[in-house]
Amino acid sequence: MAYLSMGESHRRITDYLNRFADAINYQDGDSLARLFSVSSDSPSLLSLADALNVFQDANRLIKQSEKFSQFGEVVAPFFRSLQCYRLGNLVDAYGAFEKASNAFIQEFRNWESGWALEALYVIAYEIRVLAERADRELASNGKSPEKLKGAGSFLMKVFGVLAGKGPKRVGALYVTCQLFKIYFKLGTVNLCRSVIRSIETARIFDFEEFPIRDKVTYMYYTGRLEVLNENFPAADQKLSYALTHCCLSKEANIRMILKYLIPVKLSIGILPKKQLLENYDLVEYNNIVEALKRGDLRLLRSALQENEDQFLRSGVYLVLEKLELQVYQRLLKKIYIIQKQKDPSKAHQVKLEVIVKALKWLEIEMDLDEVECIVAILIYKNLMKGYFAHKSKVVVLSKQDPFPKLNGKPVAS
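Residues numbered from 1 in each chain as written. Predicted model: local features only at pLDDT ≥ 70, side-chain atom pairs only at ≥ 80, totals over all residues. Heavy atoms only, no water.

Now for the nonpolar core. Core analysis: the biggest nonpolar cluster contains 149 residues, and I13, F20, F36, F79, F104 and I288 have the highest contact counts within it. Looking at this core, the element that brings in the most residues is helix 8 (residues 117-140), giving 12 residues. (Core = buried A, V, L, I, M, F, W, Y, C linked by side-chain atoms within 4.5 Å. Buried < 20%, exposed > 50% of the residue type's maximum accessible area, 1.4 Å probe, protein only. Helix = DSSP H or I, 4+ residues; strand = E, 2+ residues; numbered from the N terminus.)

Take a look at the structure:
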């Protein structure tokens, strides 16, 4: 850092205080929002942080001016947070920022209109980001990470402020999405339910009045929850909404949505095109799609094993593992088609030992009893129509539509 004089430091601090006071007095929400963006590393805030570390008596400047003192409970701890952030002390930076945020919320309650929502959005974002970084610092020092949980409690308080009638309520969905990010990060996704109930059942909210950005994020996270609950029709509806309404230029966001939508689509029998997977760098699904097309159980298991860590982290491994039944269905359908070409009159009679041989060719060892069990499951789940002729060890397929398509519906449970 270049040498900074006391006079220049004083000027920078006073300039910030003037801009802060003007933003509130003129109800300029966008300008106010920029003044809270600690983690953005903006040059103006970094230069202010340097000034604060040179001029150690900023609190006196705030108290001595009637113009600034009315915002002292917000600005003073914010200055402290900025100083700590600049010095790399993230735990104290979070603590001071939370104190400033609580003071801001008290002011925000008293403003009738929603002019300061953009500033509130920045505060909601910053408190989550600072909490995550503070927890990493705590963990690296062998201490218990607890700040992100505290940020969740603070955001629930903010949600309560926004959940009333009036123009401020449109901000509730943004705060909800920040809460989702916290709950997913902490592994406490069960806490999402109470917020979802408030959004979807409370009469004060009209989902269509929320900003499209927030609706896309909300549908993405609620879609992921439906994936975890294996409610694939609901997951398909929510994730498809997020994909349809996501800005085309936000390729990283589209990729995040597809990472969950593709397993959902596969589970209901809809296969993505190879070009889509390549465009969004989702090639880990290539062999899974190919396995479904070919009825190749060995390829499916190999793809799952190869990308196991990635699929487990995403929470889609179990969804993909259950695609085995569809692969079995495709394998039996291929056997049926080959038999039909050789002898159409006996195509609907498939010997279990033929299935055993097909699996052996794929280097998968199964005996007749295991194959019979799998076929029974396929019939039970309506992936195949037919019955067993137990004495002859033959499965007799229906002559009409022996292998029903899923047609966008999940495999029967």
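This part covers the UniProt feature "domain: PCI" (unreviewed entry) in the chain. Look at the UniProt record and you will see "domain: PCI" (unreviewed entry) annotated at residues 216-402. Helix makes up 66% of residues 216-402 and strand 6%, and the two end C-alpha atoms of the span are 40 Å apart. (UniProt positions renumbered as here; feature names shortened; annotations may be inferred.)

Summarising the element assignment, T222 is placed in helix 12 (residues 212-228). Engagement of the side chain of T222 in a polar contact is seen with the backbone oxygen of M219, the distance being 3.3 Å. Excluding residues within four positions of it along the chain, T222 makes contact with F180, I196 and K238. (Polar contact = N/O pair within 3.5 Å; in protein donor to acceptor, adjacent residues only side chain to side chain. Contact = heavy atoms within 4.5 Å.)

Looking now at the side chain of E226. Along the chain, E226 turns up in helix 12. Here E226 sits buried without a salt bridge, and the closest side chain of opposite charge, R193, lies 4.8 Å off (N-O distance). Beyond its immediate stretch of four places on either side in the chain, E226 contacts N231, A234, A235 and K238. (Lys, Arg positive; Asp, Glu negative; His and termini not counted. Salt bridge = Lys/Arg side-chain N within 4 Å of Asp/Glu carboxyl O.)

This brings us to the packing of helix 20 (residues 324-342) against helix 22 (residues 368-380). With their axes 10 Å apart at the nearest point, helix 20 and helix 22 run at an angle of 100 degrees to one another. The angle between helix 20 and helix 22 places the two elements in the roughly perpendicular class. Facing helix 20, whose interface residues are L325, Y328, Q329 and L332, helix 22 presents I374, V375, I377 and L378. (Axes fitted to C-alpha atoms, helices over the stretch in contact; angles between N-to-C directions. Parallel < 35°, antiparallel > 145°, perpendicular 65-115°, else oblique.)

Taking 1.5 Å of rise per residue, the 15 residues of helix 10 (residues 172-186) would be expected to cover 21 Å, and the 21 Å separating its terminal C-alpha atoms lies within 8% of that figure. With 12 of 15 residues buried, helix 10 is to be regarded as a mostly interior element. For helix 10, the full list of buried residues reads A172, L173, Y174, V175, T176, C177, Q178, L179, F180, I182, Y183 and F184. With its phi angle positive at about 75 degrees, G187 sits one or two positions after the end of helix 10. (Expected span 1.5 Å × (residues − 1).)

Another aspect to go through is unusual backbone geometry. The phi dihedral of N382 is positive, around 60 degrees, even though this residue is not glycine. For N382, the location among the structural elements is in the loop between helix 22 and strand 2 (386-389). A positive phi angle, close to 50 degrees, is found at D401, a residue other than glycine. Its location among the elements puts D401 in the segment after strand 3 (394-397).

In a beta sheet, neighbouring strands are held together by backbone hydrogen bonds and run either parallel or antiparallel to one another. Spatial ordering of the open sheet is given by 1-3-2, a layout of 3 strands whose pairing is antiparallel. Two strands in the sheet have a free side with no partner beyond their single neighbour: strand 1 (349-351) and strand 2. Across the sheet, the axes of successive neighbouring strands diverge by a mean angle of 25 degrees, strand direction being ignored. As paired elements, strand 1 and strand 3 share 3 bridges and run antiparallel to each other. What sits directly across from Q349, in strand 3, is V396. On top of the sheet, helix 21 (residues 352-361) reaches strand 1 and strand 2; it is set at about 55 degrees to strand 1, its chief contact. (Pairing = 2+ DSSP bridges.)

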